[in-house]
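Geometric and topological summary
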Amino acid sequence: MHNITLINGDGIGPEISESVVRIIKASGLDINWDIQTAGSDVIEKEGTPLPERVLDSVRKNKVALKAPVTTPIGKGFRSVNVQLRKDLDLYANLRPCKNLPGVNTRFENVDLVVVRENTEDLYAGVEEQIDNNTAHSIKIITRHASERICRFAFDYAVKNNRHEVCVVTKANIMKLSDGLFLESYRNVAKDYPQINQREILVDNLCMQLVQDPTRFDVLVLPNLYGDIVSDLTAGLIGGLGVAQGANIGLNFAVFEPVHGSAPDIKGQNKANPTALLLSAIEMLKYINENEYAAKIEKALFKTLSSGFKTSDLGGNLSTSEFTDEIIKNLL
Ligand code: NAI
């Protein structure tokens, strides 16, 4: 029996979490879910959106599945997501992006992986108000964090039979900060002569991704570009409803979809649970439950290929009906 933390989030989080827990249970795999609430719903009672008990639970169980949590724009608390990644030193954000069977998109054969640095850059939260009309935000790039994320990307490429790791920066303009990221990539790349090396500026990357995403394999990026580019790549394979992700550190791993809490469809039984389910499948592989991972993936692919879809993919099934179809295909 595995003990796994489940952060069921807010917005559509609880609906898609329920779907995924139901599917995993129906597959026959026994998981003891340690359910931890976080986000806007707990602020009033506990004074923070990320109580220490959530972090303690992940520290104890080492692995978590996380649904999205709302971050209020402008004021209020720091993002639970950013905080969690920092506090647990989940330095690598892995976002594979591959066409799914039955989901028609503009391009076929998209199969790329975004490796996003997860702990620094403009997301370090170092900002100051200079006066009423001026604010500063500091972009922090260190050699340590840059080298370890580049090494993660190359190691991932070697383990997963990928042929290229392309570094993405704007080092022509931000010569010191992005320049250091690029220099770190070049240093690490020397240890991986078997993997193709490539350097691209982030604006050119975006243009090329929407022209022909099959030109790319593994991308490694500083935090902000990684966040933006991975929403773009999600759009290439059917949108946020199908884009999976994982935050990985040396000691802990938190699996979560790319998308947010989707307040516009909250509580309507409309959300697509696929992105969270694909993240959970990766989590099962991570804990060596490969057979169950394969069984659930097969059921999901069969469901989508048979035309059963939620409305974001042009179908007419609710979250719970789509979940029922996947469960039928598990048998
Ligand atoms: P969002 O990803 O929540 O939604 C963008 C659009 O995609 C919306 O139209 C939404 O309905 C749709 N969408 C997203 N997931 C879907 C799903 N599973 N099925 C069907 N449609 C889906 O982005 P938005 O609106 O910018 O952010 C909402 C909140 O989520 C914000 O507070 C943001 O900070 C937070 N957020 C949290 C993340 C996390 O917990 N890891 C990641 C990204 C955003």
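Coordinates for the structure precede this section.
Residues numbered from 1 in each chain as written. Predicted model: local features only at pLDDT ≥ 70, side-chain atom pairs only at ≥ 80, totals over all residues. Heavy atoms only, no water.

**Topic: the site of the ligand**
How we decide: It suffices for a single heavy atom of a residue to lie within 4 Å of a molecule or strand for the residue to be listed as near it. Pairs of N or O atoms within 3.5 Å make up the polar contacts considered here, provided that, within protein, one atom can donate a hydrogen while the other can accept it, and that residues adjacent in sequence are counted only when both atoms are side-chain atoms. Under the convention used here, a 1.4 Å probe and the Shrake-Rupley method define accessible areas, while residue burial counts only the protein chains that appear. Residue polarity follows a fixed list, in which Ala, Val, Leu, Ile, Met, Phe, Trp, Tyr, Cys and Pro are nonpolar, Asp, Glu, Lys and Arg are charged, and the others, Gly among them, are polar.
Inspection of the region around the ligand gives 22 residues, with Val69, Thr71, Gly260, Ala262 and Asp264 positioned closest. Between the ligand and Lys66, the relevant distance is 3.2 Å, taken from an oxygen atom to a side-chain nitrogen or oxygen of the residue. With respect to the ligand, the backbone of Thr71 contributes an N or O atom lying 2.8 Å from an oxygen atom. Against a free-state accessible area of 820 Å², the protein chains account for coverage of 70% of the ligand. Split into classes, the residues belonging to the shell around the ligand amount to 9 nonpolar, 8 polar and 5 charged.

**Regarding the packing of aromatic side chains**
Let me state the cut-off plainly: Stacked, edge-to-face and tilted are the three classes for Phe, Tyr and Trp ring pairs, Trp counted by its six-membered ring, which pair at centre distances within 6.5 Å; planes under 30 degrees apart are stacked, over 60 edge-to-face, the rest tilted. Put simply, DSSP H or I for four residues or longer makes a helix, DSSP E for two residues or longer makes a strand, and each gets a number counted from the N terminus. Burial classification: accessible surface area is computed with a 1.4 Å probe over protein chains only, and a residue below 20% of its type maximum counts as buried, one above 50% as exposed, and the rest as partly exposed.
For the coordinates displayed, the defined rule picks out 4 aromatic pairs. When the centroid spacing of 6.1 Å and the interplanar angle of 85° are considered together, the rings of Tyr91 and Phe152 count as edge-to-face. Residue Tyr91 is located in the loop between helix H4 (80-87) and strand S4 (92-98), and its partner Phe152 is located in helix H5 (residues 143-159); the two are separated by 61 residues in the primary sequence. Judged by its relative accessible area of 11%, Tyr91 is buried.

**As for the sheet that holds strand S10 (residues 218-221)**
Here is the rule we go by: Paired strands, in this sense, are two strands between which DSSP finds at least two bridges. A fitted line through C-alpha atoms serves as each axis, taken over the contacting stretch for helices, and the angle formed by two N-to-C directions is quoted from 0 to 180°.
In spatial order, the strands read S2-S1-S3-S12-S11-S4-S5-S10-S8-S9; together these 10 strands make up an open sheet with mixed pairing. Looking along the sheet, the strands with just one partner apiece sit at the ends: strand S2 (31-36) and strand S9 (196-201). Each strand axis lies, on average, 25° off the axis of its neighbour in the sheet, ignoring direction.

**Brief notes about the packing of helix H10 (residues 290-305) against helix H11 (residues 319-330)**
Where we set the bar: Here roughly perpendicular refers to angles of 65 to 115 degrees, roughly parallel to angles under 35, roughly antiparallel to angles over 145, and oblique to all remaining angles. Here is the rule for handedness: rotate from the far helix to the near one, and if that takes an anticlockwise turn smaller than a right angle the crossing is left-handed, while a clockwise turn gives right-handed. Note on contacts: a residue pair is in contact if any heavy atoms of the two residues lie within 4.5 Å.
Packing of H10 against H11 brings their axes to within 8 Å, and their N-to-C directions diverge by 120°. By the angle class used here, H10 and H11 are oblique. The way H10 lies across H11 gives a crossing that is right-handed. Mapping the contact onto sequence places Lys295, Ile296, Ala299, Leu300, Lys302, Thr303 and Leu304 in H10 and Phe322, Glu325, Ile326, Asn329 and Leu330 in H11. Split by residue class, the contact of H10 with H11 holds 7 nonpolar, 2 polar and 3 charged.

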